[in-house]
Amino acid sequence: MAEDLTIIKGESKEEQYDSLVPQIQALLEGEDDLIANLGNIAAALKEQFAWLWVGFYLVKDEELVLGPFQGPVACTRIRKGKGVCGAAWAEAKTFIVDDVEEFPGHIACSSASRSEIVLPIIKDHIVIGVLDVDSQELAHFDHIDELYLNKIIAMINA
Ligand code: SME
């Protein structure tokens, strides 16, 4: 496919994801390089939703290491159990944080971040990384985001 996206604006969150998810699927088809695919997923999500930060951390040598992302510069390494990302890794579950200041141990990569969703990427029952999204708005993410972002994660061939 041509490497540009059709971005719909002013629609519901579901309609935006419904438009974007097949386009991401098409972007990933025929490419098996993990970093290339994570880069395009981060770029596509950022372009559609204009979130503050969207990207990946990958498990390497018992730490999460910064992977492909879009947004302000971020911390490069996160230990297991630390911050929202480290918690999602340690507990192998999604965290939706309405107010990052209320999350014990939250790691503030950007002072502009107010709410966050982190989803584990699980392959063969092992967390191999996380998808992290930050918003400048409080309580920006909900279970609709969780549902669709999990669909996108399921397309990752790692
Ligand atoms: N806030 C995250 C750190 C990563 S940045 O948001 C990009 C956390 O608490 O794990």
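All values derive from a computational prediction rather than experimental measurement.

A. Looking closely at the state of the cysteines. In the structure shown here, the tally under the stated rule is one disulfide. Residue C75 pairs covalently with C109 via a disulfide, S to S 2.5 Å. Residue C75 is found in the loop between β2 (63-70) and β3 (77-79), and its partner C109 is found in the loop between β4 (95-97) and β5 (115-123); the two are separated by 34 residues along the sequence. For the unlinked cysteine C85, the closest cysteine sulfur is that of C75, found at 7.4 Å. Judged by relative accessible area, C85 falls into the buried class, the value being 3%.

B. Inspection of the site of the ligand at higher detail. The environment of the ligand is formed by 13 residues, the closest being V84, C85, I107, C109 and E116. In the environment of the ligand, an oxygen atom lies 3.0 Å from a nitrogen or oxygen atom belonging to the backbone of V84. D134 places a polar side-chain atom, nitrogen or oxygen, 3.2 Å from an oxygen atom of the ligand. Protein chains shield 98% of the accessible area of the ligand, which is 310 Å² for the free molecule. Counting residues per element, the ones that place at least two in the shell around the ligand are β1 (53-60), α3 (83-91) and β6 (126-135). Looking at the shell around the ligand, the element that brings in the most residues is α3, giving three residues. Considered class by class, the residues forming the shell around the ligand number eight nonpolar, two polar and three charged.

C. Spotlight on the pairing of β5. Buried residues dominate β5, accounting for seven of its nine residues. Inspection of the sheet shows β4 paired to β5 by three bridges, in the antiparallel sense. Residue pairing for β5: V97 is matched across the bridge by E116. Between β5 and β6, which pair antiparallel in sequence order, lie two residues; one of them, D124, sits at a positive phi of approximately 50°.

D. Structural context of the packing of helix α1 (residues 13-28) against helix α4 (residues 143-154). Remark: α1 packs on α4, axes separated minimally by 10 Å, with the N-to-C direction vectors making an angle of 5°. As the angle between them shows, α1 and α4 are arranged roughly parallel. Touching K13, E14, Y17, D18, V21 and I24 of α1 are I144, D145, Y148, L149 and I152, all from α4. A class-by-class count of the residues in the contact of α1 with α4 yields seven nonpolar, no polar and four charged.

Definitions and cut-offs
Residues numbered from 1 in each chain as written. Predicted model: local features only at pLDDT ≥ 70, side-chain atom pairs only at ≥ 80, totals over all residues. Heavy atoms only, no water. Disulfide = S-S within 2.5 Å. Helix = DSSP H or I, 4+ residues; strand = E, 2+ residues; numbered from the N terminus. Buried < 20%, exposed > 50% of the residue type's maximum accessible area, 1.4 Å probe, protein only. Near = heavy atom within 4 Å. Polar contact = N/O pair within 3.5 Å; in protein donor to acceptor, adjacent residues only side chain to side chain. Areas by Shrake-Rupley, 256 points an atom, 1.4 Å probe, with all protein chains shown as cover. Nonpolar A, V, L, I, M, F, W, Y, C, P; charged D, E, K, R; others polar. Pairing = 2+ DSSP bridges. Axes fitted to C-alpha atoms, helices over the stretch in contact; angles between N-to-C directions. Parallel < 35°, antiparallel > 145°, perpendicular 65-115°, else oblique. Contact = heavy atoms within 4.5 Å.

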